[in-house]
Each structure stands twice: as structure tokens, then as C-alpha cells.
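Okay, here's what each chain looks like letter by letter:
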Amino acid sequence: MSKLAEQVTDVRWVYAFGGGDSDGEASMKNLLGGKGANLAEMAKLGLPVPPGFTITTEVCTEYYKLGEKYPDTLAGQVEAALIDLEEKTGKKFGEASNPLLVSVRSGARASMPGMMDTVLNLGLNDKTAEGLAELSGDRRFAFDSYRRFIQMYSNVVLDLPHHEFEHILDTYKEQNEFDVDTQLSAEDWMDVIKQYKAAVAKLSDKPFPEDPMEQLWGAVSAVFGSWMNDRAILYRKLNDIPQEWGTAVNVQSMVFGNMGDTSATGVAFTRDPSTGENMFYGEFLVNAQGEDVVAGIRTPAPISKARAEKINSDLVSLEEEMPAVYEQLIEVAQTLESHYRDMQDIEFTVENNILYMLQTRNGKRTAGAALKIAVDMAAEGLISEDEAVLRLEPAQLDQLLHPTISPDATRDMLVQGLPASPGAAVGKVVFSSDKAAEMAADGHKVILVRQETSPEDIHGMHAAQAIVTSRGGMTSHAAVVARGMGRPCVCGAGEMQIKEAEGVFRVFGREVREGDVITVDGAAGQVLMGEVDMIEPDLSGDFGQLMEWADRVRTLKVRTNAETPEDVRTAKSFGAEGIGLCRTEHMFFDAERIPVVRAMILASDTAGRKEALAKLLPFQRDDFVEIFSIMEDRPCTIRLLDPPLHEFLPHTDEDIAEVAKGTGLDAEDLKARAEELSESNPMLGHRGCRLGITYPEIYEMQARAIFEAALQVAKETSFKPVPEIMIPLVATKKELSILKDRVDAMAKEVFAAAGTSVDYLVGTMIELPRAALKAGEIAEDAEFFSFGTNDLTQTALGISRDDAGRFLTAYEDKGIYEKDPFVTLDQEGVGELVKIGVERGKATRPDIKLGICGEHGGDPASVIFCHNAGLNYVSCSPYRVPIARLAAAHAVLKS
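The structure displayed is predicted, hence computed values, not measured ones.

For the rest of this paragraph, the subject is the overall build of the protein chain. Tallying secondary structure elements over the protein chain gives 36 helices and 31 strands in all. Since a compact globule built from 895 residues should have a radius of gyration of about 29 Å, the 32 Å found for the protein chain is in line with a globular shape. C-alpha extents for the protein chain along the principal axes are approximately 105 × 65 × 55 Å. Per-residue burial over the protein chain gives 56% buried out of 895 residues.

Think of an α-helix as turning once every 3.6 residues; residues three or four places apart then point the same way. Along helix α5 (residues 126-136), the residues that are buried comprise T128, A129, G131, L132 and A133. Those residues of α5 hidden inside the fold are in contact with α6 (139-156). Where α5 begins, the side chain of N125 points an oxygen toward the backbone nitrogen of K127, at a separation of 3.0 Å. Two residues or fewer past α5, G137 is found with a positive phi of approximately 70°.

A few words on the side chain of E724. Following the sequence through the fold, E724 ends up in strand β27 (residues 722-727). Beyond its immediate chain neighbours, meaning those up to four positions away, E724 contacts R559, P635, C636, T637, I638, L761, F784 and K849.

This structure, assessed with the given rule, holds 0 disulfides. You can see C489 has no disulfide; the closest cysteine sulfur is in C491, sitting 3.6 Å from it. For C489, a relative accessible area of 0% translates into the label buried.

Moving on, we come to the nonpolar core. A general trend in soluble globular proteins is that nonpolar side chains are found buried together. Formed by 215 residues in total, the largest nonpolar core has its most connected members in I55, V104, L122, I727, F785 and L871. For this core, the element with the most residues is helix α28 (residues 696-716), which contributes 11 residues. When residues no more than four places from it in sequence are discounted, the contact partners of L871 are L556, F787, V834, V838, L850, G851, I852 and C866. Counting 29 residues, the second largest nonpolar core, distinct from the first, contains A301, I303, M322 and I346.

Right, let's get into helix α14 (residues 323-340). For α14, spanning 18 residues, the distance from its first C-alpha to its last is 26 Å, which sits close to the expected 26 Å at 1.5 Å a residue. Those residues of α14 that sit buried are V325, Y326, L329, I330, V332, A333, L336, E337 and Y340. Turning to α14, the residues buried within the fold contact α2 (29-44), α13 (318-321), β9 (344-351), β10 (354-362) and α15 (367-380).

What follows deals with a negative patch on the surface. Taken together, the side chains of D261, E309, E320 and E321 make up a negatively charged region of the molecular surface. Judged by its relative accessible area of 37%, E321 falls in the partly exposed class.

Moving on, we get to the packing of aromatic side chains. Evaluated as defined, the whole model comprises 21 aromatic pairs. Between the aromatic rings of F149 and F208, the centroid separation amounts to 5.6 Å while the plane-to-plane angle is 85°, which identifies the pairing as edge-to-face. Placement of the pair is F149 in helix α6 and F208 in the loop between α8 (186-204) and α9 (212-226), with a sequence separation of 59 residues. Looking at F208, the relative accessible area reads 5%, which means it is buried. Chaining the aromatic ring pairs together yields one cluster made of Y63, Y64, Y70, W217 and F224. In this structure, R12 is placed above the aromatic ring of Y15, and the distance from its NZ or CZ to the ring centre is 3.9 Å.

Taken in spatial order, the 8 strands of this closed barrel run β24-β25-β26-β27-β28-β29-β30-β31, and their pairing is parallel. Averaged over neighbouring strand pairs, the angle between their axes works out to 25° when direction is ignored. With 4 bridges connecting them, strand β29 (residues 784-787) and strand β30 (residues 849-852) associate as parallel partners. Paired with S786 across the bridge in β30 is G851. Here helix α29 (residues 733-754) sits on the sheet and contacts β27 and β28 (761-766); the angle it forms with β28, its principal contact strand, is near 150°.

The subject of this paragraph is the environment of K305. With respect to the helices and strands, K305 occurs in helix α12 (residues 305-310). Once you skip the residues sitting within four places of it in the chain, K305 turns out to touch S317, E319 and E320.

Another point: the pattern of salt bridges. Within this structure, the stated rule accounts for 63 salt bridges. E511 is the partner of R513 in a salt bridge, and the nearest nitrogen-oxygen pair spans 2.9 Å. Overall, the relative accessible area of 37% leaves R513 in the partly exposed class. If you follow the salt bridges from partner to partner, you end up with R140, D144, R147, R148, K173 and D181 in one network.

About the thresholds
- Residues numbered from 1 in each chain as written.
- Predicted model: local features only at pLDDT ≥ 70, side-chain atom pairs only at ≥ 80, totals over all residues.
- Heavy atoms only, no water.
- Helix = DSSP H or I, 4+ residues; strand = E, 2+ residues; numbered from the N terminus.
- Rg over C-alpha atoms; globule rule 2.2 N^0.38 Å.
- Buried < 20%, exposed > 50% of the residue type's maximum accessible area, 1.4 Å probe, protein only.
- Contact = heavy atoms within 4.5 Å.
- Polar contact = N/O pair within 3.5 Å; in protein donor to acceptor, adjacent residues only side chain to side chain.
- Disulfide = S-S within 2.5 Å.
- Core = buried A, V, L, I, M, F, W, Y, C linked by side-chain atoms within 4.5 Å.
- Expected span 1.5 Å × (residues − 1).
- Patch = residues over 30% accessible without salt bridge, like charges linked within 9 Å, V, L, I, M, F, W, Y side chains within 5 Å.
- Areas by Shrake-Rupley, 256 points an atom, 1.4 Å probe, with all protein chains shown as cover.
- Salt bridge = Lys/Arg side-chain N within 4 Å of Asp/Glu carboxyl O.
- Lys, Arg positive; Asp, Glu negative; His and termini not counted.
- Charge placed at Lys NZ, Arg CZ, Asp CG, Glu CD.
- Phe/Tyr/Trp six-rings, centres within 6.5 Å; stacked < 30°, edge-to-face > 60°.
- Lys NZ or Arg CZ within 6 Å of the ring centre and 35° of its normal.
- Pairing = 2+ DSSP bridges.
- Axes fitted to C-alpha atoms, helices over the stretch in contact; angles between N-to-C directions.

Right, here's the structure in full:
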């Protein structure tokens, strides 16, 4: 226990680490944040960690509860922590002759790279800068550190524009014919500092703060304040990080990577975060501070010689520049990966050939890398197969299930950069994040092209299909955020001359304007002109292995929502175990069929409708033959006609005239019938089972087509199709009873004519609150329930899915809904109806089959709910099938 811990008798707000002891450990991540907990853990492991202290996440929560004020006892604990830190370092905070300088960094329990604020070199002022110069024997280093502090503090704490200081520095370099920062002498930096301070006084109407304690509390408040900045709020929303978690603040004694050619700073990963390859991977800069690496201002060098050779870098690696430090770093990296049993993202500084560790955390990685690392670590015995399944988030699979550039495609390469995040994308060039978001909202696919990105660009990066930057390395902001989002990214394409104001970039004599189409190959680090051919992903190898482990664990079946042969085949290739929703109305819109459907709707009597339906029968039967043939022995739930009939008719005079001309139908009859069928609220109108009640011949034709198709496939193949006929929009037992009797009668008729039969089920879609509440009665006839959570959400919440976009964002922002209820199931409301339906249905029919077929069937959080609610299966769109399979395995392992 540290001296600090011994002194605290009240609520504990501050925890010390380093200097031979730590008050915290890795398991205290919720309290200390990820960074603070891991700094404490590294210190406990005996690794070289500069000492410091962590102000807990609970302070952040209290800070906002108290109206952005601190708990009364915090100041005393911070002062005690500073005294403890002074004793450990042998330096004094604010003392001119032997100054203690610190960094102030955020540290939430979930990694949020670049989203919150950091201040380095805090404690410097005119006097302590002179003291640092005297102590180090290097005036240039001391005043370089001072100007960095003023620039960073002014931006982060005083909220002054970063570009004001960049402009001052760029102008000074231009006037003095300097190309890079390292050419500036101590005297040059002193001149720049004077200009910086003048700018602060002008822009803020007060001088730059000289008092180190004022600086410290300003920086701490800025970090807590950054928890609620726009980019952090958006990042939390995109990554499902609760606001109430808060962030910790880490105050750590400074070590300096900018003390000359024997000092450096870098970021490393114990495995390649882009590919998952078991190769030590990272970048560093000599004579620099940590922000220089991620800011992309200078191009960093690879850490290992092997990596340098692999990417054809002519920069000297750390392995060659500082071999002893490199060997120590390798040893530390291996220790950390073995200890945490996961790929680590580490930050380090070298001060005068001495290595210091500043951070470790489980590294952000692409989906492909996550997959390979999980499977490899299981093979190495570092983790179990079940742990490997949990290492890949279900939503990450989206990155693996989409096309990449065809190897046979013609590549018109504009520029080669660094392969910062794999994958491929096509889109129109845009040069600003606002423009990217605006065009994406209008339905355009865009590629965001920037000199470099910053946290303010997150909305544009999220809107873009891919990101390209002319500056920065593999650990720049653009690279890290793009990998986390699953966006292809090319960084460091230095030959690009980007002129945002002109809306153009130029490269090797070629000009590409805003709106031009380009292709980004993130895996190769290439930007290509035009649209390039893509190929389907390879789902064998590591993917197949991990999914095999997931399937071994899960109990929830996964089906698909599909009705076209292409979608059915795709879903089957992704592991679908049946069809949970075949929407028969989609088949009616085929060009050959729609005239017959319209003739049926226009018929004035039952005989006329039956005549038209007889023409539709062969089409429907052929559809089901193909579906049953593809799905073989797997169950297929087929929903009988659901939408209102007016959806199949033209509505404008122009469309009516065109349809009449093309079909020979009377235009006036079409118009009159469309007006007759129109409804004020068709979603709750004459649709679903209500059609079957009023026009039973429609459902009879569909049932006949299903049974005849099943018999045909059973006869022609070795498979035994299992049709499950679903009656939609049932609210009462009587509706289902009437229609089930008709379906059963049709089955009896078809089977008698064929002299053989197939097994089948008749059930219903639970998509109305009344149906969920009366599930016990309905289950007397229903052999299965499929919860149609799209409409159940609409009817339970009283929200139209088509119109909700106008206000749902505001509801999410205000915390009324945690997430869009049409994306993630509203478990407290709609979920309660599902649980009632399950409980009452099972009470009547214990063996009733239960599933879900709304869009929620592919949402990981909703899949876990379905598992816990006792459903037998979920059904989702074909490309979501692997996601649902993995989520179902997570549900078992996490329970």
C-alpha cells in the first residue's frame, strides 16, 4: 500500500502507481479506467513505468452530478498524491531548480483512441523551463518541450484554435528557411514561445497561466470536460459505451523522447492489428514526443527490421537504431501478451537509451486480424476455444462478409500509400467530413480524402466507405479509427497534393476532383481511379474454424429471411439452418406475374379471382420447388400474402396509363379499384390474415402451391421438405382457426390426389400486442410462433418505422431510447410482450416452436435476448446469418 493509500480515511478518489508499488491493478478497470488499471498492473509486474496517480471514474460521475464541480475531499487527496509523486521522483512540482513535470491523460474503461484530451509537459513556465534546461544540459530540448506544452494546453484547456499556433510555427519556419522542426535551435523556440504567449493573450484576453497548480486543475477539468465533447459522445454512441461510465484522469511524471538522438517515442502492437500476423509491429520517431507519432506530422519508422523490409521502408528501424532498447521492448511485449492473454497495443518512450512503458491495452484490430489472432492463440494454447469465440464481436463479422477487389481486376493506380486498414470500397471523392456526412445522408457512397484526420472528423469517417490521407502512419488517428470502424484506409500517400479549397487532389500529373469515383484497396495501400471489380469473401480457413467452435456451443438455431434463389443460396452458404421468413408477396412483383396479380385484384367476383389465381399457381409452385430444392431437408417458414392489395396497383395517372397500355387492362377500372382499395393507415388496414378471411381463395392457391412443390421435391430428390405455413397479422384465435382449417383442407386435397404426403406445420406471426397477450389461446391452433418484431415494435410503441427517422435521433440523444428500437429490440417493452407470448404459448403447447423473424434477428444484443427468452431460433437477412450464429454462441458463453 502506498503512503497515499494510508492517508485516505474518507471516500477514495485517487490511486497511486509506480515507484515500486501500486494501489490498483488490472481488475479495477471500472474504477481506474483501462489506462490507469493497466499502468498499475504493469508497475506490479516490475516493468519500467514512470510513477503517477489516477483520479477515478467516480470523480467524473460526481463532477457532472455536482454541476461540473469536484467533491470537497478531492483537492486534498490530489495534493497528497503530488507529494507522494515528488518523493518517488526526487523532484518538486513547481520548483524552478528541479521541476517535476507531468502528463495529464484521459482513461475510460473502454478504449476511445483520440476521442478525449491529453496534455504533456505540464508544470513548465518561464522559470521551470530554465531549470529543465539546466538539469538536462540541453536548452533546445527544454524550450521545445515548453512550446509544445503551451500549444497543447492552449488548445485543450483554453480552447484556442490549434491552427493559430500551427500558423505561427509554419510562418516562422518559412521566414527562417527551416524545413523541419528539428532544425530550430533553443533561441528559435524561445522566439516562437513569445509569439505563442502573445497569441494566447490576444485570443483569451488573459496571459498564459504560469502557476503549475492552476495548470494541473485546468488540465484535469479539460479531460473530464472532454468526456462530453461531440466526438466522444458520437464515439460512445457508435461503440455502445454508456455515458455513465465516465473517464478517469491519469497524472504521470514525464519522461522525454525529445532529448536528442538517444531518445525516442513509439507505439507498438504485439501482433499485426491489420492482418493478425504474429509479427511485432509498430512505429517510432527519434527525438519526438508521443503525440508526434499519432498526429502524422512526421512519418514514423518501423520498429522491426523485418517490418521495414516487408513494406520497403528506407527508414532506419528501432532494431537497428537502438538494438539494446529493441531487445528489451520485445521482452516487455512478450511479457504483456502472455500476462493479458491478448494482443497488446503499447506506448513507450526512450529517454537517453532508457525504456519506459506509458500504456498497454488490448489492441484495436480489424475483424480479419481479430479472427486470426483468436484462432492462432487458441492453437498456441494461450486461450481456450470458447475464449476464442468470445474474442470476436459478432458485429465485426460484417467486415468479413463483403467483397474485396478481384485479383484479375485492372488497376489504374493513382498512388501507393500505407495499408492502414484492409478491405476495399468504391465511392465519390469528398474532401471534408461535413460533405461526407451530407452526401452519405443523400444516399451517395463517398471516400473521405484528407491530409490527415483528427477526432473532429469522426462523423465524416463514419459516413465514408473508406478514408485516404496524405500524411500519417499505421498508428495515426485515421488508421486506428478506420480499423475500429471496419473502414478501408490508406495513409501516408505523400505524393498526393490535396487542395481542399479547390476541391481537387493532384498526384503524378493527374487531377481528381470532388465527385470523381475512386476505389480504395486498404489491404494493398493503393488508391485506384474509377470503379474496380470486386469478389466475394473467402469464408473458409480461420473463419470456418471459429464458426465451427461457435456452432458447437450455441443452442439457438439461425435461419434466414429470404425468398429469391440467390438470397437462399447465399444464406445457406453462410450456415442458415432453414428459412424463418419467406415473403411470398415479393414474388408477385416479377414482371411476368404482376399483370396477373392486377387482373386478380380487378376481378369483380370470386370466379374471376380464382381464374387469375390459377395462372399464378404455376409461378408460385416453381418458386417453392426451387427454394425447397436449395434448402433440402431444412425447415422453411412461408408467410402467406401480407401487404394490402393496393400496393400492387399503380397510383399516378401516368403509371395507370402505362400499365393499362402494357397489360390491356382498362385504365379507368385500374384507377377506380386503386381508389377503392386505398387506406388512411394501410399498415393497420386490410392486410395479412384479413385478406385471407375476405379473399380465402388467395391463401388457398398459395397453400396448394406450397404442398405441390414440397411433394414434387420429395419425389424428385432424396430430400424431405418441411414447409411451415405462417398466417400473418393474427390478433384472435378465431382468425387463425378459420384459416388453419382452410390450409389443412387444401393439404388433405393435394395429398389425396398425389397419394402421398409431407409433414408440415401451421403457425402464426405474433406482431400485434393482443396476439402476444392472448398467445395461450392462439397456441391451441398454432404449432409455431414467429415473433415479427418489426411490426410488433411499431404497434407496441405506436411508432411508424417509415416516419421515425424524423425524431428517433433526438430521442436517442435525450436518452429516451438507448438505441433505435427498430435496430435493437426494446427489451423492456416489446421484449416483455415477447416473453409473455413465449410463456403463455408454452403453457398451452409445451412443444411449440418459437422464433423471431424481424430485423432484430441479426442484431447481436437482440439475439442474446432471444436466447435468454427461450426461443428456438432467430431469422435474419443472409449476410447477418454468421453474425447471429456467433451472437448465439456468445449468449451461451456469457450466461
